[in-house]
Amino acid sequence: MSSRTARQVQMVSRPAGMPDHGHFKLVEVELPAPAAGEVLVENRYMSVDPYMRGRMRADAVYAAPFALDKPMYGGAVGEVVESADDSLEAGDIVLNFNGWQDRFIARATQVQRFDPFDRERISLYLGALGMPGMTAHVGLLKFGEPKAGETVFVSAASGAVGAIVCQIAKMKGCRVVGSVGSDAKAAWLKGECGVDETINYRTCGSLTRALRDAAPDGVDVYFENVGGDHLQAAINAMNPFGRIAACGMISGYNQSAPEPGPNNLMYIVGKKLRIQGFIISDHEDMRPAFERDMSGWIREGKIQTRETVYEGIENAVDAFLALFTGENFGKMVVKL
């Protein structure tokens, strides 16, 4: 394979329920030499994220749908290998939105050069120092508005977003309850991230009862990643004037038909709850504060991170599908 042979994952049909390998194909294409103002980039890591499932629908809710028989795209971090632009040179590390391919040609203005604090940990810029970390930072601080002494409940608490939410909430002096899908994830949250109580939603029986036991004084802030029975339990346990920051609802992403929603929505009025959905791309004004805070916390060891790493673009679909079975521990990335 030549240095300009690129492998790309393309979507060939739109899944109605849970995707499988038949909806994707891996293709090889030959890239030209970079023209003036362009660069050839080799991606080192690409991100797979639950939101990408929504872009596989023809009626994508908050972002343009992926085109059929074209490379999909998403966050990635790569290295410039050829440059025809004075602003970049070979060896530069760049962030880009050309994931799902191991090499690509782009205008130099379409990638973002940065100096990683540790070149051995550049995948952090797809996780805690990237979109998931900023989602946690903005969602909790702007919409959750946690106050010292309050109780924060986080669903998908060991995931790329949830684990960061838990740790920021602890730094703000809150009591934190996290919902996870395994005892190993629960042990990591309590042992490494300082979470006060955990709930294994697969084994707890009634989630509402388990949450009430874990948060006997009620929940003041709920960070929503899951939806479904988690949202129902959170509303049941919320204190008056509670705040819900709604980041995602992964439990419904692969449903071919909508399932009934929570049957306790009347509590939103009675408890005077506030529910705020948000998409992180609308909050670029908060990026400087996020980058300052998160880079400092990571350097000081105040934020613990975990990654699940799949090797090779040929395994990118497997990595993506594993997001929906709970196999990932922390941020899911593919090393290219």
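Reading the values: rules and limits
- In this numbering scheme, every chain counts its residues from 1 along its sequence in written order.
- Totals for whole chains, interfaces and linings use every residue, but because this is a predicted model, local features are given only for residues with pLDDT of at least 70 and side-chain atom pairs only at 80 or more, for both listing and counting.
- Excluding hydrogens and water, the side-chain figures rest on all heavy atoms present in the structure.
- Note on terminology: a nonpolar core comprises buried Ala, Val, Leu, Ile, Met, Phe, Trp, Tyr and Cys residues joined through side-chain atoms within 4.5 Å.
- Three exposure classes are used, based on accessible area relative to the maximum for each residue type with a 1.4 Å probe and protein chains only: buried under 20%, partly exposed in between, and exposed over 50%.
- A run of H or I in DSSP becomes a helix once it reaches four residues, and a run of E becomes a strand once it reaches two; helices and strands are each numbered from the N terminus.
- Contacts between residues were defined by any pair of non-hydrogen atoms, one from each residue, lying within 4.5 Å.
- Given a helix with a known number of residues, its expected span is that number minus one, times 1.5 Å.
- Working note: the arc is built from the helix axis to C-beta atom directions.
- Cavities and pockets were defined on a 1 Å grid built from protein atoms only: a cavity is a group of points that admits a 1.4 Å probe but offers it no way out, a pocket is an open group of points flanked by protein on both sides within 12 Å along at least five of seven lines, and a lining residue is one with an atom within 4 Å of any such point.
- Grid points are joined across faces, edges and corners, and a volume is the space filled by probe spheres set on the points.
- Just so you know the grouping, Ala, Val, Leu, Ile, Met, Phe, Trp, Tyr, Cys and Pro go in nonpolar, Asp, Glu, Lys and Arg go in charged, and all remaining residues, Gly too, go in polar.
- Any N or O atom pair separated by 3.5 Å or less is treated as a polar contact, with the protein-specific requirement of one donor-capable and one acceptor-capable atom, and with residues adjacent in sequence counted only for side-chain atom pairs.
- Put simply, two rings from Phe, Tyr or Trp (the six-membered ring, in Trp's case) pair if the centres are within 6.5 Å, and we call them stacked under 30 degrees between planes, edge-to-face over 60, tilted for the rest.
- The criterion is that NZ of a Lys, or CZ of an Arg, lies within 6 Å of the ring centre and within 35 degrees of the ring normal, and then a charge sits over that ring.
- Between any two strands, pairing holds if DSSP finds at least two bridges.
- Interaxial angle, 0 to 180 degrees, is taken between N-to-C directions of lines fitted to C-alpha atoms, where a helix line uses only the stretch in contact.
- An angle counts as roughly parallel when it lies under 35 degrees, as roughly antiparallel when it exceeds 145, as roughly perpendicular when it falls between 65 and 115, and as oblique in every other case.

Give me the lowdown on the nonpolar core, citing residues and values where you can.
Leu140, Val154, Phe223 and Met294 are the most contacted members of the largest nonpolar core, which has 46 residues in total. Where this core is concerned, the elements lending two or more residues are helix 1 (131-144), strand 8 (151-154), helix 2 (162-171), strand 9 (175-180), helix 3 (183-192), strand 11 (219-224) and helix 7 (287-299). Leave out the neighbours within four places in its chain, and phenylalanine 223 touches Thr135, Ala136, Gly139, Leu140, Phe153, Val154, Ser155, Val161, Val165, Ala245, Cys247 and Phe278. Counting 24 residues, the second-largest nonpolar core is a separate cluster that includes Met11, Tyr51, Phe66 and Ala319.

How would you explain helix 7 if you had to name every residue and give the values?
With 13 residues, helix 7 should reach 18 Å at 1.5 Å per residue; the first-to-last C-alpha distance of 18 Å fits that figure. Inspection of helix 7 places Phe290, Asp293, Met294, Trp297 and Ile298 among the buried residues, and these make up the whole buried set. Along helix 7, the residues classed as buried sweep out an arc of 120° about the axis, all on the same side. Opposite the buried face of helix 7, by more than 90 degrees, sit the exposed residues Pro288, Arg292 and Arg299. Tucked into the core, helix 7 has its buried residues touching helix 1 and helix 2. The first or second residue beyond helix 7 is glycine 301, which carries a positive phi of 75°.

Which residues make up empty space enclosed by the protein, and what values do they have?
All told, the structure shown has 1 cavity of 30 Å³ or more when counted by the stated rule. For the largest cavity, the calculated volume is near 120 Å³. Lining the largest cavity are 15 residues; nearest its centre among them are Ala128, Ala160, Thr305, Arg306 and Lys331. Its residues assigned to classes, the lining of the largest cavity shows 6 nonpolar, 6 polar and 3 charged.

Outline the side chain of asparagine 239, supporting the account with residue identities and numerical values.
Mapped onto the fold, asparagine 239 is located in strand 12 (residues 238-246). Here aspartate 217 takes part through its backbone oxygen, which lies 3.1 Å from a polar atom of the side chain of asparagine 239. Residue contacts for asparagine 239: discarding those within four places in its chain leaves Asp217, Gly218, Val219, Asp220, Lys271 and Leu273.

Before we move on, can you summarise the packing of aromatic side chains with the specific residues and values?
Summed over all chains, the structure comprises 9 aromatic pairs. Ring centres of phenylalanine 143 and phenylalanine 278 lie 5.3 Å apart, and the angle between their planes is 35°; this geometry places the pair in the tilted category. Placement of the pair is phenylalanine 143 in helix 1 and phenylalanine 278 in the loop between strand 13 (274-277) and helix 7, with a sequence separation of 135 residues. Ring geometry for phenylalanine 153 and tyrosine 222: centres 5.0 Å apart, planes at 15°, overall stacked. Of this pair, phenylalanine 153 sits in strand 8 while tyrosine 222 sits in strand 11; the two residues are 69 residues apart in sequence, bridging distant segments of the chain. Taken together through their ring pairs, the aromatic side chains of Phe66, Tyr73 and Phe97 make up a single cluster. Residue placement shows lysine 271 over the ring face of tyrosine 267; its charged tip is 5.1 Å from the ring centre.

I'd like to hear about the sheet that holds strand 12, residue by residue, with values.
The strand order 10-9-8-11-12-13 describes an open sheet built from 6 strands, whose pairing is parallel. Each end of this open sheet is capped by a strand with a single partner; those strands are strand 10 (197-200) and strand 13. Each adjacent strand pair in this sheet contributes to an overall mean axis angle of 15°, direction not counted. With 5 bridges joining them, strand 11 and strand 12 adopt parallel strand pairing. Among the inter-strand pairings, valine 219 is bridged to a residue of strand 12, identified as methionine 238. Packing of helix 5 (residues 229-237) onto the sheet brings it into contact with strand 8, strand 9, strand 11 and strand 12, and relative to strand 12 it is tilted by some 150°.

How would you sum up the environment of phenylalanine 114? Please name residues and give values.
Structurally, the position occupied by phenylalanine 114 is in the loop between strand 7 (112-113) and helix 1. Its relative accessible area of 11% is what places phenylalanine 114 among the buried residues. C-alpha separation for the pair phenylalanine 114 and aspartate 92, spaced 22 residues apart in sequence, amounts to 7.8 Å. Contacts of phenylalanine 114, omitting those with residues within four sequence positions, involve Val77, Ile93, Val94, Leu95 and Tyr125.

Explain the packing of helix 1 against helix 7 to me, using residue names and the numbers behind them.
It is at 10 Å that the axes of helix 1 and helix 7 come closest, and there the two elements cross at 110°. For the element pair helix 1 / helix 7, the angle class is roughly perpendicular. Here Gly133, Met134 and His137 of helix 1 lie close against helix 7, whose contacting residues are Arg287, Ala289, Phe290, Asp293, Met294 and Trp297.

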